[in-house]
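Close look at the chain arrangement
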Amino acid sequence: MKFVHPPLSTPAWPSVAALGPAQRTSLQSHRPDQTLPATFGEVIDGLDRADAGIRFGAGELRSYAELGALIRGNALHFRASGVRPGDRVAISLESDAEHVVTLLALIALGAVPVSIKPRRGPSEDYSGMLRGVCERFDVRFAQHALPAPPTVQPLSWDEHARAAGDVPSGGARPDDVAVVQFSSGSLGAPKAIPLRHRNLLANLRAILEVDGREASSVVYNLSLIHISEPTRRTPISYAVFCL
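Computed from a predicted model, the values in this text were never measured in an experiment. (Residues numbered from 1 in each chain as written. Predicted model: local features only at pLDDT ≥ 70, side-chain atom pairs only at ≥ 80, totals over all residues. Heavy atoms only, no water.)

We now examine unusual backbone geometry. Comment: phi is negative for the bulk of residues other than glycine, and the bulk of peptide bonds are trans. Even without glycine at this site, Asp 138 takes up a positive phi of about 50°. Mapped onto the secondary structure, Asp 138 falls in the loop between helix H5 (123-136) and strand E5 (141-143). (Helix = DSSP H or I, 4+ residues; strand = E, 2+ residues; numbered from the N terminus.)

Following this line, the structure appears as structure tokens:
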């Protein structure tokens, strides 16, 4: 896939403290030949490869062209369900097609997924945490499997929805929030971290520069919980969508 969109005007580069002198110099001086879109929604718009894709779980293989059609179809499906650009939608990510498509369809639509940690401990505590998040961030919708409060509308994907063409995203800009991710909570209560389209594109660029992936690369991803760490150990790599 070749992008013809203009590159980011002020790209954010990853920390190079752990690299050797030669690698540091190369990374700081080199700019990739491949230009990147300005928002992650434009990355989603370009999912059209039929000869590559993602294998989910025990063998569910979806080409990028099929995923793109599913994402666009579900973006329109969510819009018909009342989701609008800027709406915050709670979702707890699993490593399956439903959750990947839901997450990316919301971003394509211009809505803001709020990534909730999977449940640990008593269900009452989890429901209370989710209720607090929905109140604090004015969450209007929640993925149907979450025990959201009754004031929040459940949202389900449509596995049969397909659409071609671009999805109207409400004019998303590079500095708009694309997704809200919570920190691990290792040093205290998990903190909400807004990730902007520019952040996701910087992460994508860093992976392309440091990881050395190419269009023919096969990548193994573990979990969708962590979604923006510019290291070789990143469990989910948004960079796969640019190849």
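Time to look at the confidence of the model for the protein. On average, residues of the protein score 75 in pLDDT, and 71% of them reach the 70 mark or higher. Here helix H1 (residues 21-29) stands out as the element of the protein with the lowest mean pLDDT, 48, in contrast to strand E6 (residues 153-155), whose mean of 97 is the highest. Scored below 50 in pLDDT, residues 1-20 shows 49 contacts in the model against residues more than four places distant or in partner chains. For the stretch residues 222-243, pLDDT sits under 50, and the model shows 72 contacts to residues farther than four places along the chain or on other chains. (pLDDT = per-residue confidence, 0-100. Contact = heavy atoms within 4.5 Å.)

One ladder, built from four bridges, connects strand E3 (residues 88-91) with strand E4 (residues 112-115); its direction is parallel. Note on E4: the bridge partner recorded for Ala 90 is Val 114. Read from E3 through helix H4 (residues 97-109) to E4, the crossover connection turns out right-handed. Sheet analysis places E3 next to E5, joined by two bridges and oriented parallel. Bridge pairing links Ala 90 to Ala 142 in E5. (Pairing = 2+ DSSP bridges. Right-handed = clockwise from strand over helix to strand, strands pointing away.)

Attention shifts here to the sheet that holds E6. Here six strands make up an open sheet; going across it, the order is E6-E5-E3-E4-E7-E8 and the pairing mixed. Every other strand in the sheet has two partners, leaving E6 and strand E8 (192-196) as the edge strands with one partner each. In this sheet, neighbouring strand axes are inclined to one another by 25° on average, regardless of whether the strands run parallel or antiparallel. Relative to strand E7 (residues 177-182), E4 runs parallel, the two sharing two bridges. If you follow Val 114 over to E7, its bridge partner there is Val 180. Across the sheet, H4 lies against E3, E4, E5, E6 and E7, angled at about 165° from E3, the strand it touches most. (Axes fitted to C-alpha atoms, helices over the stretch in contact; angles between N-to-C directions.)

Now for helix H3 (residues 64-80). Across its 17 residues, H3 extends 24 Å between first and last C-alpha, which sits within 8% of the 24 Å expected from 1.5 Å per residue. By the burial criterion, the buried members of H3 are Tyr 64, Leu 67, Gly 68, Ala 69, Leu 70, Ile 71, Arg 72, Gly 73, Asn 74, Ala 75 and Phe 78. Contact partners of the buried residues in H3: helix H2 (40-45), strand E1 (53-56), strand E2 (60-63), H4 and E6. Looking one or two residues past H3, Gly 82 carries a phi angle of roughly 110°, positive in sign. (Expected span 1.5 Å × (residues − 1). Buried < 20%, exposed > 50% of the residue type's maximum accessible area, 1.4 Å probe, protein only.)

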